[in-house]
Each structure stands twice: as C-alpha cells, then as structure tokens.
Amino acid sequence: MTSGTTFLDSVNRMFDRAAATLDLPPGLADQIKACNSVYQVKFAVEIDGEYQVFTGWRATHSEHRLPVKGGIRYASVVDQEEVEALAALMSFKCAVVDVPFGGSKGGLCVEPKDYNVEHLERITRRFTQELVGKGYISPALNVPAPDVGTGAREMAWIADAYRTLKPDDINAIGCVTGKPPTQGGIVGRSEATGRGVQYGLREFFRHPEDVKHAGLEGDLEGKRIVVQGLGNVGYHAARFLSEEDGAKIVAVAERDGAVISEKGLDIEALSAHIRENGGVRGFANAEYQENGKSVLEFDCDVLIPAALEGQIDAENAARIQARVIAEAANGPVTIDADDILHSKGKVILPDLYLNAGGVTVSYFEWIKNLSHIRFGRMERRLDELRGQKIIELLHSVTGKDVPKEIAQHLLEGADQLALVRSGLDDTMRIAYQEISSIWHSRNDVPDLRTAAFALAIEKIARYYTEMAHI
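Quick caveat: nothing in here was measured; it's all calculated off a predicted structure. (Residues numbered from 1 in each chain as written. Predicted model: local features only at pLDDT ≥ 70, side-chain atom pairs only at ≥ 80, totals over all residues. Heavy atoms only, no water.)

1. Some remarks on the overall build of the protein chain
Summing up its helical and strand segments, the protein chain has 16 helices and 12 strands in all. Its C-alpha atoms give the protein chain a radius of gyration of 23 Å, near enough to 23 Å, the size a compact globule of 470 residues would have. Within the protein chain, the fraction of its 470 residues that count as buried is 55%. At a minimum sequence separation of 6, the contacts of the protein chain that also span at least 24 residues come to 69%. Taken as a whole, the protein chain presents about 20,200 Å² of accessible surface, with 49% of it coming from carbon and sulfur. (Helix = DSSP H or I, 4+ residues; strand = E, 2+ residues; numbered from the N terminus. Rg over C-alpha atoms; globule rule 2.2 N^0.38 Å. Buried < 20%, exposed > 50% of the residue type's maximum accessible area, 1.4 Å probe, protein only. Contact = heavy atoms within 4.5 Å. Areas by Shrake-Rupley, 256 points an atom, 1.4 Å probe, with all protein chains shown as cover.)

As structure tokens, then:
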C-alpha cells in the first residue's frame, strides 16, 4: 500500500463509504466493522535437529452467523493486520452471496518453498493443535479453507489432526473445506474461485447498461484480457474464459515477468511451462517482458488481478487502461486507487463479489460433510428415468426418434460436479443482479464496490436488528 494506507485501512474506508449511504441505528456500523477476536500463537517445531519458532494468527471478524469461514494463508509476509482485513472481507463476501457464515481468516508466517513436505506437514499439524485447543477450528464454530500458500494437501492434514484430537465429533470431516475429494472434499472446489470469476464476468456482460458504462459492448467473445498471477485462481479463470467463452488472454504476469501475445496465450501450455521452469520466461510464441507488473497498464478490455493485495495503488492507477478491472484476488486495488479509477470511468467488479466462488463451493462441501451423503446420490437415477420417459413420450407423439445429443442430455442425471457448478452459477448471477440493482437505483452509490459493501452491511445489520427484537 502507498501513502501509509494499509490493507486494513483500505477495507475499513471502503466499509465506511458504503455505511454512510445507509440509515443504520447508531453504533451498529461500528459493531459490524469491528473484528471480534484475534488469536496469535507462537509454537516451536523441530526441523532437522533444531527448533524453529513460528507465528500464526486466526482472526474472527463476525460471528453473526456460525460457523465463521475463511482460509489459512502461508506466507513470509503475513501479519495480523492482513489477517484482520481478510477476515472482514470474508464476512462481507459471505453476506453478498448469501452463504450463512461469519468471516474469519488465518495466517502463518512461513515460506512454504523453504521446507520439504515432511516439514510442512509437521508445521501444519502443530498449528492445527494450537488452533483447535482454543476453539479456532471446529465444524460448528470455525471452518478454515485453502488460501495463498496452502491447498488440498494442507487441508487434509488439518482434518486428520482434528479427528485425532476430537475423535467423538461425528462431523469432524467438516472442520475444514478444500480437502481432496477422496478425503471428504467435493469435486469442483479446486476450480471454484476461478470458475466464480468466469460466472461473474458472464453475468456482468449480460447487463448491457453496465457493459456500456465500461465503454464496451457484446459478450466475452473476443474480449482482450490481461491476467496477473497464474496461480490456482488466475489459471482456472484464464483457461475457462479462453476455452469456453472465446476471450483472448493477451498477457499473463508472474513473479519473474510477463508474456504477451496478441493472438492469445495457450493457458494450459503456459501453466505447464511455469511448472517446469519456475516462471514464464522462455515461453514459446510470446513476447517476454521482465517487468511483469507493467502489464497491469496494458491496453485491454478486462484486467484480472489474481495475485496479492495492493497491486493497483495511487502510483499506477492513473495509467490503468483496462475498461473493466475484475478483482480475482483479495484487495488488489487500494482505496486511493479505487477513487482514481472511478474518476476515469473504469468499472470494477469487486473482490467481495467476484472471488466468492471459493467460499460458495466450500459451503457446498461443508453441507455435504454434515449431511454425510454426496450430492446427486439419491436423485441421479431418478433424473435418468424421468429423462427416459420424456424421450418415450416425444417418440410416441411425433413418431420420430429424439436426436442423439438431446437424448443423451436427457438421460444424464446431474452428477456432483454438475450440481456444484449449477449452484455456483446461480449464486453468482443472483448476487450480481442485487449489486447492480443497488448501483443503478441509489444516487449515493457511485459504483459496484460501494453497492456490494452496502448490500453486505444491510444483510448483516438486518440480522442484528431482528435478533434485538426477539
């Protein structure tokens, strides 16, 4: 962040701007904004014969809904303020997409690449013990998920450690989400945040008035997109948008630089190149640029910052040329940059809406764990039988066979992945429609971010005011 503005400052100022547009009872905005609790822990782990001390945090922002939900981040730069800011965003994010969780977030000050798998497992299990001991991991109270530096592997370790500590908890498998499908996870979770970015952009382009506001027209077909960060979220968003929606990914920035191609980059091939070479340098049929961050200023239709917070700030905001900034990362645009971009007529699809796909599908996983049955198990064959009856009816009425592709579709009962994607798509559509409606119906709401914050605050405030009269 620039000019002394921290990530938490940015989130709080964005909150204040939206809260000022609402008629809330005195003091309620302060209650909603405040972080309820933060637990800091220091613990030692023996690594190759010597003890190393690690520092971690788990912040619980709001417990208006339980359990609270939010990822655990492993990074050498993580600190308490970052964790508090991310926890706040989780509260508002869950409210925007009607996921019945409060907001939480965790962080461990560790650089994963500096440790082997055995060491990381030992560190993760010790961190889990500390959090479980204080009630900061529980399927009923606080449910972590993957974030930067963690993934399905770490979530499986956490779940196993929790089961060991709480063997009598029948819902123990639901203490964490983002697990491998073989360990109680749900198919579609690894792609969920990137898939949500795709669905969110699709819904934006279904609103011609909003698209026109950005100086664009039509749908995603042929739109020139720049992506910063080809991690889990950036990779899935870029691949789906290019392969399924016909968009062109014309530039991708990573830690070692950026690659550019006006013809469109092959995301699958680029991802493989990054895995093999540790970066984008040397990728065939693309121009390499050492200053990767400079492509944020590239002339394009849609910019997708999918890395870390504070990437667009007061220093570079005036040079951003993208018509639409789609926040796949948390907090990639500072409050000062937000003001500059708004003054230039840019449309920002805010993080607390656009990257909510992860927590949405985490909710589906948690429901699956608590119900102890996979989605589709009871109804899939019934759907097939119903489809067969429809085919038979059409044949009897028309005297003709139903075309093969249509018949195959009717005979396919929805499996777990289809149901997950359907639920996510529905969630992203409804949430955008609510946000856009606020944007266009209230004169004091200047943009989609303020609209999203206002929507979240209204929903949380409604809970508090209703509970006060029960």
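Now that the structure has been shown, the text picks up again.
2. So, the packing of helix α13 (residues 380–398) against helix α14 (residues 404–411)
Closest axis-to-axis distance for the α13/α14 pair is 7 Å, and the angle between their directions is 145 degrees. Two secondary-structure elements touch here, α13 through D383, E384, G387, Q388, I390 and I391 and α14 through A407, L410 and L411. Looking at side-chain class alone, the contact of α13 with α14 contains 5 nonpolar, 2 polar and 2 charged residues. (Axes fitted to C-alpha atoms, helices over the stretch in contact; angles between N-to-C directions. Nonpolar A, V, L, I, M, F, W, Y, C, P; charged D, E, K, R; others polar.)

3. Quick notes on the pattern of salt bridges
A complete count under the given rule lists 37 salt bridges for this structure. Two residues, E262 and R224, come together in a salt bridge whose shortest N-O distance is 2.6 Å. With E262 in the loop between β8 (257–260) and α9 (267–277) and R224 in strand β6 (residues 224–228), this residue pair connects regions lying 38 residues apart in the sequence. Given the relative accessible area of 41%, E262 is considered partly exposed. Looking at R224, the relative accessible area reads 19%, which means it is buried. Counted as one network, the salt bridges with shared partners bring together R17, E327, D338, D339, D351 and R449. (Salt bridge = Lys/Arg side-chain N within 4 Å of Asp/Glu carboxyl O.)

4. What to know about the sheet that holds β8
Pairing is mixed in the open sheet, where 7 strands are placed in the order β9-β8-β7-β6-β10-β11-β12. Only two strands of the sheet have a single partner each, and these edge strands are β9 (287–289) and β12 (347–349). Strand-to-strand twist in this sheet, taken as the mean axis angle between neighbours without regard to direction, amounts to 20 degrees. Alignment of β6 against strand β10 (residues 302–305), held across 4 bridges, turns out to be parallel. What sits directly across from I225, in β10, is V302. Along the sheet, helix α6 (residues 192–205) contacts β10, β11 (324–326) and β12; its crossing angle with β10, the most-contacted strand, is approximately 155 degrees. (Pairing = 2+ DSSP bridges.)

5. Quick notes on the side chain of D245
Mapped onto the secondary structure, D245 falls in helix α8 (residues 232–245). In terms of polar contacts, D245 uses its side chain to reach the side chain of R202, at 2.9 Å. In this structure, D245 is in contact with Q198, R202, L220, E221 and F240, ignoring residues within four places of it in sequence. (Polar contact = N/O pair within 3.5 Å; in protein donor to acceptor, adjacent residues only side chain to side chain.)

Don't take any of this as a statement about function, it's just geometry.
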